[in-house]
Amino acid sequence: MASESSFDIVSKLDRQEVDNAINQATKEIGTRFDFRGVGASIAWSGEQAIDIRANSEERAKAVLDVLKDKLVKRGVSLKVLDPAEPKLSGKEYRMAVSLKEGIAQDDAKKISKIIRDEGPSGVRAQVQGDELRVSSKKKDDLQTIITLLKGKDFDFALQFVNYR
């Protein structure tokens, strides 16, 4: 009798990679000519947010672009970023960028519906907190589900972990 195979679908953030990207962006902002004298900075703001500051709205958006470039080079999906519009605060513009982590209940239901409707029969998906466990008797069916979900465009990052 074949045992069940399974994997988890998660939306996690590698904080170390994000931290490295912020440090690299800070170095680049400090050395680039177009950021000289504009008061541009980027730093952590709590556990799940990044604070960007500059003396103009365009420079704040340029700092965000530098951060995005560094995140891509470090293999972090840009879907984890949720940037707000730059707001004038005193003499400088501030942009809060929150980091999205975990799969919301509604999104988990959408994923499990896709698995039920478009995936092979005999595959089960169950919501476990902010992740989803997908199980089946056949490993090939699980591979099919991973391929199916990679082909879909979600507004959050997905990782497939604990494949057994």
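These figures come from a predicted structure and were not determined experimentally.

Calculation rules
Positions within a chain are numbered from 1, following the residues in the order the chain's sequence is written. In view of the model being predicted, local features appear only for residues whose pLDDT reaches at least 70, and side-chain atom pairs are presented and counted only at 80 or more, with totals across whole chains, interfaces and linings using the full set of residues. Remark: hydrogens and water are excluded; side-chain values derive from all non-hydrogen atoms of the structure. Helix and strand definitions here come from DSSP, where helices need a minimum of 4 consecutive H or I residues and strands a minimum of 2 consecutive E residues; each element is numbered from the N-terminal end. Summary of the burial criterion: residues with accessible area below 20% of their type's maximum are buried, those above 50% are exposed, and those between are partly exposed, where the area comes from a 1.4 Å probe applied to protein chains only. Pairs of residues are marked as contacts when any of their non-hydrogen atoms sit within 4.5 Å. Note that accessible areas follow from Shrake-Rupley with a 1.4 Å probe, and for residues the cover is restricted to the protein chains shown. Buried residues of nine kinds, namely Ala, Val, Leu, Ile, Met, Phe, Trp, Tyr and Cys, make up a nonpolar core once their side-chain atoms join them within 4.5 Å. N or O atoms within 3.5 Å of each other form a polar contact, as long as, within protein, one can give a hydrogen and the other can take it, and as long as residues adjacent in sequence are counted only when both atoms are side-chain atoms. Only the stretch in contact is used when fitting a helix axis, every axis being a line fitted to C-alpha atoms; angles between N-to-C directions are given from 0 to 180 degrees. Oblique is the label for any angle not under 35 degrees, not over 145, and not in the 65 to 115 range, which are roughly parallel, roughly antiparallel and roughly perpendicular in turn. Put simply, a crossing is left-handed when the front helix is turned counterclockwise from the back one by less than a right angle, and right-handed when it is turned clockwise.

Before we move on, can you summarise the overall build of the protein chain with the specific residues and values?
The helix and strand inventory of the protein chain stands at four helices and nine strands. When the elements of the protein chain are put in sequence order from the N terminus, they spell out β-α-β-β-α-β-β-β-α-β-β-α-β. Judged by the C-alpha coordinates and their principal axes, the protein chain covers about 70 × 25 × 25 Å. Put simply, the protein chain has 164 residues, and 37% of those count as buried. For the protein chain, long-range pairs separated by at least 24 residues make up 63% of all intrachain contacts whose partners lie at least 6 apart in sequence. Carbon and sulfur atoms form 48% of the exposed surface of the protein chain, whose accessible area is close to 9300 Å².

Explain the nonpolar core to me, and be specific about the residues and the numbers.
One finds Val18, Phe35, Ile42, Ile50 and Ile52 to be the most contacted residues of the largest nonpolar core, which totals 27 residues. Listing elements by their share of this core, those giving two or more residues are helix H1 (15–31), strand E3 (49–54), helix H2 (57–73) and strand E6 (92–99). Broken down by element, the residue count for this core peaks at seven residues, all from H2. Filtering out sequence-adjacent residues up to four positions away, Phe35 remains in contact with Ile29, Ala40, Arg59, Ala62, Val63 and Val66. Counting 17 residues, the second-largest nonpolar core is a separate cluster that includes Phe7, Val123, Val134 and Leu142.

I'd love a proper account of the side chain of Asp8, names of residues and values included.
Locating Asp8 in the fold gives a position in strand E1 (residues 5–10). By relative accessible area, which is 2% here, Asp8 ends up buried. A distance of 2.5 Å separates a polar atom in the side chain of Asp8 from a polar atom in the side chain of Arg133. Looking at Asp8, its side chain comes within polar contact range of the side chain of Asn162, at 2.9 Å.

Explain unusual backbone geometry to me, using residue names and the numbers behind them.
Positive phi is not limited to glycine here, since Asn162 has a value of about 55°. The exposure class of Asn162 is partly exposed, given its relative accessible area of 42%.

Could you give an account of the packing of H1 against H2, with specific residues and numbers?
It is at 9 Å that the axes of H1 and H2 come closest, and there the two elements cross at 130°. As judged from the angle between their axes, H1 and H2 are oblique. In the crossing of H1 with H2, the sense of the turn from one axis to the other is right-handed. Between H1, through Val18, Ala21, Ile22, Gln24, Ala25, Glu28 and Ile29, and H2, the contact on the second element is made entirely by Val63, Val66, Leu67, Lys70 and Leu71.

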